Each structure stands twice: as structure tokens, then as C-alpha cells.
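Inside the fold
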Amino acid sequence: MCAIAGVIDFASARALPPETVERMLATMRRRGPDQEGTAADGPATLLHRRLSVMDLQGGRQPMTCTAGTHAWTLVYNGELYNTPELRTELEGLGHEFHESSDTEVLLHSFIQWGADCVERLNGIFAFAVWEHHDQRLFLARDRIGVKPLFYAVQNGTLIFASELKTLLAHGAVEAALDREGLAEVLLLGPGRTPGCGVFHNVFELEPGCRAWFDADGLRTERYWRLTPHTHRDSFDDTAAHVRALVLEAIERQLVSDVPVCTFLSGGLDSSVISAVADRYMTQRGRTLHTFSVDYAENDRYFQASHFQPNSDNRYIEVMNGALHAVNHRVVLDSVDVANALLPATEARDLPGMADVDSSLLLFCGKIREQATVALSGECADEIFGGYPWYRDKDIRARAGFPWAQSTAYRTEFLTPELREKLDAFDYIEARYRQTIAESLVDRSLSPIDQRTQEMVNLNFRWFMQTLLDRKDRMSMYHGLEVRVPFCDWRIADYLYSVPWELKDWHGYEKGLLRHAMAGILPDEVLWRKKSPYPKTHHPAYLTAVSTMLRKLLADPAAPLLQIADRHALERLLTDDRATPWYGQLMTTPQTIAYFVQIDHWLRAYHVRLL
């Protein structure tokens, strides 16, 4: 993986000053620690930092290709999993290749097919191509949104980058927060409205979208979305097809020229990936390394809940006994997890999922000591309907974002002035309704299948993006590439039209996936009740984050107090309310931590309130 950035300045028609280039590149070094490169042509300057994974000697970027009087320059962040097929097809069309990198294949794909090349790609990517002859930039992002791409247009100049911090380093983009940005942080955060960059006049190219920028301005277009198809397969045929899709996606993503490992939580999704990877490695005479996270003394303090009925350790041991892999158990200290909240905020460039982010940041740091690429199980729950809000008929029928039914609770934390400015319920309702309106749903289906398709779209465009942001930023902070096989667009496309009764086979969460994976996992793991990403239950964590918030409240100049009500924050420290802030994991300790992150973000990024 890599970091990309660029500036297209038609007003001056000059390359970026060296000091601006260096300032922007400096923010990209964690994502790309191995190589850096720049290219300039007229109004365009393209920047790249590389994490070498495939073709370690080739694949340098920016990469330029010329044909006659035409030239194209590419900067690219991602991996193409169908590189061999694309290369063979392009060679048949007369293209010649000089190295084995997917970068060269991507560039030639654009030269051959133009903007339509994205519809042929199977992978995770964000890339930009400068067309020298037409003086035009093309931008694209993968269908699912695994790799990020932010941009801003200032006085006719386009600035784009993999991360917000790189945009801000340009100098023309200000860390300013208007009323809408405040609503994003306080009413929706850590989620974000699709396409919103939170800062004023900053945007994100949405998943499945492409764009063009030239002297006439920016034009964006969606090239892919979840679309319903008639599903005629029997349950057995559906399960067989799912099995084939999942196994192929995992095996394609194990190809690498550097060490590959897997996350292993003992849950269904990571265990499937680890079992397939273990078989793949063993057949090739190699040993898989798996990584599991735990917290000091969690066995003593673990508290079972409806969402987290049991801890992972026993199931990890079951998997260890079934695999040939070497398992590495990373034990995190709860106070360290609290202290990592601040660097986790800087990794995401926004307040995030509290210790769900910071623990992953620490975990990825430990993994990076031994591997460069890891496979993880994100997105299976969104696609196969594993979350409680898919399965609880009352929650399913309720309007609004099911992972954030907390608007009334959140408004308690707004200052009186903000309560006057922000119509919280209207803001949330409008975004929910817009997503529903934009969802392609087969209205000939049963009510439950129509609602399931709406729910899948809600999750794809909102909740899943928060999790993908988290995994990308926390891992790339350490130069660790994380691949997510369940995000193969072909799996999502097929599953979207599968009826709910098949997904929920025999009334079991992700029953279809479990049935499809029979024989791959031990039954004890295959039929284990879903449990989310583990979090610390140690009281030391609550003590640590509470101390951090109390320190902020003692500072009259704390920027948090410009936007959050002091009395509500003080109540948060004394009242243990059951209301979750976001998702299943952000309860009182995490809500406290989220406000600590907001304050640090306001300070560290010198955020100006408009």
C-alpha cells in the first residue's frame, strides 16, 4: 500500500514549490516508508510514498508511460487481485510490460480503456492519472471504499490526498469547522456522511466513484453501486457459490512478495480466513503466522453482555489446535490503550472509535514487527447480515441508523448555543432518508427482503465505512497493509440479492456463511455466537480516561468546552448510563474517551470554528 497526493493548479500552471512538496510528503511517510517520488507537468504535481509489497524492485511511482505524442502519469494506492488476467488481456491487445507490478498493469489498463478500466478491476484502490496531452486528471476509488481519497477545490485548484493531514499540509486547505462539520463530529461521529471530509469545503470521493478535473472544474460520477438481481439459486447452490467466492477471494489476497499473516479472534470471519490461509501456506511449504489481541487481566474483569456473550481466548485455542500456524498473542495494557487515544486521533485525522481505534493501533504496531501484510475479516457482518440490527425485527423496522439510536442522548452534550444552531433530529433524519432514497431496492420482494436491502445499503455507506477507515488508518500508521477478503465486490454483489431467509438459515446469524464454510472450521468455532472486536473491561481504563477528561474540565481554555456542555460532561463522569454512543462497543468509558479525542483533535489540528 501507499500514500498518494497531488495538486492541479491551472491558475499558476506551475509545479508546487519544493517546500510544499516536502511538507506534504512528510505527512505520507508512515503510509509509505520505503520509497518516495514526485512528478510535475505544467499545472500538475503528483506525489507518492510507497510501502513495497509486490515487485519490490519495480513499481516505482509516479509512473509515466508514453505512446507517440501522448503521455500518462499514475499515482496509485492499493492492490489489484486480478493483475494476471488483466496483464494477459492487455498483452493480447499489444501492450508490452517491463516489470511485474500491478502498478504498470493499472496504468496500461487506463491507457487501453480509459475511465472504464475501473469496471474491470478487482481490488482495493485509490488512484490518479494525469493525462499530459489533454491536461486533465482522472481520479477513482474502489467499489467498496477500502482505500481513502480526500480532496478540496480552492480557487480553481484541486488538491487530493490519501489522508486529511496531507491536504492540510498544502497550506491552502484550512482545518476549519462549520456548523455541518460540528454536526458530523457531535451528532454522527465517529461516522461520517458519505463524501464528507468534516473540515469546511473538504470532501471524500465516495466508494464506487470516479472523477475528472480540468480547466472547466471537477466532475464526479458513480460507476458502481449495489444493484438487485433476481435470485433463483437454491440454498445448496447459493451456499456452494458463496463458498467458491470466499475461498477465491482469500487465496487471491495471499499473494505477496513480503510476509503475510492473519488476524485471528476466534470468531467466524477471521477463523475462516486463517483456516484458508493456513491450508494455502502449508501446501506451499510455508508456515502461517496468526495474531490475536487480548487485554491484561481481561479474564478477571470480563463482563458478558448481549452483544459480547463470551471472550475469545477459548476459541482462539481451538483454532490453534486445528491449524499448522504459529499464533502470536498480543496482550495490551489498559492504561496504554488509553494513552494511545491521542496518536489514534492523529492517525485517523478525526475523533474515532475511542479504544476500539487505539487498541488496534497498538495491535498493528506489534504485528508490523513481524509482517508487512495481514488479512482481516471486516465486512462479513454487513454483507451476510450478522449484526443484531439485521435480526431484531423491532430494530430492523425502526427508522434511523440502527447503530446510533442516540440522538437525544448526544444533544445533551451540545452547548446551549449549539442546540439553537443545530436541529439534531432533522440533521440525522435527512441523511437517513437520503441514503434510503438512493438505495436500489427490488420492490417486488417481500417486505423483509426490501428492508434488508435498505439495511445493507445503510451499513455499506455508513457503518462499514467507519470500520474500514479505522482499519486503514490504524494499520497504515505503522506501514502495515491490511487486506479484507470479504470486501471482494463480487461477494457483495451476489449476496445483495440473496433472500433473507437464506442468509439467516435456520434462524442463525450468518447461517448461510456458516453452512457454506462447513468442514473448513471446527464446529465449535463454526457455530459460535457472534462476538464483536474485543475491548478492555479493566476498571483501570475507565479510571484513566476519566482522569483525562477531568483534567480537560479543569482547564478553562480547553477547546472542547467551546462545543460541549460542561455539566453534561461532568454527569458523564458520574452516571453509568446504558446508552451506547455508537455501535455495540462505545458505552460510557468509550464516550468519555471520544470527548478526550475531540479535545485533542481541536488542539493538535488548530481547528478554527466558523
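Residues numbered from 1 in each chain as written. Predicted model: local features only at pLDDT ≥ 70, side-chain atom pairs only at ≥ 80, totals over all residues. Heavy atoms only, no water.

Let us look at the packing of aromatic side chains. Overall, the coordinates contain 30 aromatic pairs when judged by the stated rule. Ring geometry for Phe10 against Trp130: centres 6.4 Å apart, planes inclined by 45°, an arrangement best described as tilted. Within this pair, whereas Phe10 is found in the loop between β1 (2–9) and α1 (18–26), its partner Trp130 is found in strand β6 (residues 123–131), the two being separated by 120 residues in sequence. Each residue in the set Tyr387, Trp389, Phe401, Trp403, Tyr432, Trp462, Phe463 and Tyr582 is aromatic and connected to the rest through ring pairs, giving one cluster. One cation-aromatic arrangement involves Arg120 over Trp113; the distance from NZ or CZ to the ring centre is 3.9 Å. The lysine or arginine in question, Arg431, covers the ring of Tyr427, its NZ or CZ lying 3.5 Å from the ring centre. (Phe/Tyr/Trp six-rings, centres within 6.5 Å; stacked < 30°, edge-to-face > 60°. Helix = DSSP H or I, 4+ residues; strand = E, 2+ residues; numbered from the N terminus. Lys NZ or Arg CZ within 6 Å of the ring centre and 35° of its normal.)

Ordered in space as β16-β15-β14-β17-β18, the five strands form an open sheet in which the pairing is parallel. Two strands in the sheet have a free side with no partner beyond their single neighbour: β16 (326–332) and β18 (481–483). Each adjacent strand pair in this sheet contributes to an overall mean axis angle of 30°, direction not counted. Direction of pairing for strand β17 (residues 373–375) relative to β18: parallel, over a ladder of three bridges. Note on β18: the bridge partner recorded for Val373 is Glu481. (Pairing = 2+ DSSP bridges. Axes fitted to C-alpha atoms, helices over the stretch in contact; angles between N-to-C directions.)

Burial analysis of β1 places eight of its eight residues in the buried class, which makes it a mostly covered element. In β1, alternate side chains face the same way, and those of Cys2, Ile4, Gly6 and Ile8 on one face and Ala3, Ala5, Val7 and Asp9 on the other are all buried. Alignment of β1 against strand β3 (residues 44–50), held across seven bridges, turns out to be antiparallel. What sits directly across from Ala5, in β3, is Leu47. Judged from the five bridges that link them, β1 and strand β9 (residues 157–161) form a sheet pairing that is antiparallel. The residue of β9 that forms the bridge with Ile8 is Leu158. (Buried < 20%, exposed > 50% of the residue type's maximum accessible area, 1.4 Å probe, protein only.)

Next up on the list: the packing of helix α2 (residues 83–92) against helix α3 (residues 102–113). Running from N to C, α2 and α3 cross one another at 50°; their axes reach a closest spacing of 10 Å. One finds that α2 runs oblique with respect to α3. Viewed along their axes, α2 and α3 form a crossing whose handedness is left-handed. Here Thr83, Leu86, Arg87, Glu89 and Leu90 of α2 lie close against α3, whose contacting residues are Asp102, Val105, His108, Ser109, Gln112 and Trp113. Among the residues forming the contact of α2 with α3, the class breakdown is four nonpolar, four polar and three charged. (Parallel < 35°, antiparallel > 145°, perpendicular 65-115°, else oblique. Left-handed = near helix turned anticlockwise from the far one by under 90°. Contact = heavy atoms within 4.5 Å. Nonpolar A, V, L, I, M, F, W, Y, C, P; charged D, E, K, R; others polar.)

Another point: unusual backbone geometry. Following Gln61, the chain continues into Pro62 via a peptide bond in cis, with omega recorded as -5°. Its location among the elements puts Pro62 in the loop between β3 and β4 (63–67). The amide bond that connects Gly189 to the next residue, Pro190, takes the cis arrangement and shows omega of 5°. Within the secondary structure layout, Pro190 lies in the loop between α5 (179–188) and β11 (203–204). One non-glycine residue, Ala13, lies in the positive phi region at around 55°. With respect to the element layout, Ala13 can be found in the loop between β1 and α1. For Ala13, a relative accessible area of 44% puts it in the partly exposed group.

Take the sheet that holds strand β8 (residues 150–154) next. If you walk across this open sheet you meet the six strands as β2-β3-β1-β9-β8-β11, and the pairing is antiparallel. Edge positions in the open sheet fall to β2 (35–41) and β11, since each of these has one partner strand only. Here α1 sits on the sheet in contact with β1, β2, β3 and β9, set at roughly 35° to β3.

Each turn of an α-helix holds 3.6 residues, which means side chains three or four residues apart point in the same direction. Inspection of helix α25 (residues 566–574) places Ala568, Leu569, Leu572 and Leu573 among the buried residues, and these make up the whole buried set. Along the axis of α25, the buried residues cluster in a sector spanning 145°; they form a single face. Opposite the buried face of α25, by more than 90 degrees, sit the exposed residues His567 and Thr574. Looking at the buried positions of α25, the neighbouring elements they touch are α16 (407–411), α24 (539–553) and α26 (588–604). (Arc of directions from axis to C-beta.)

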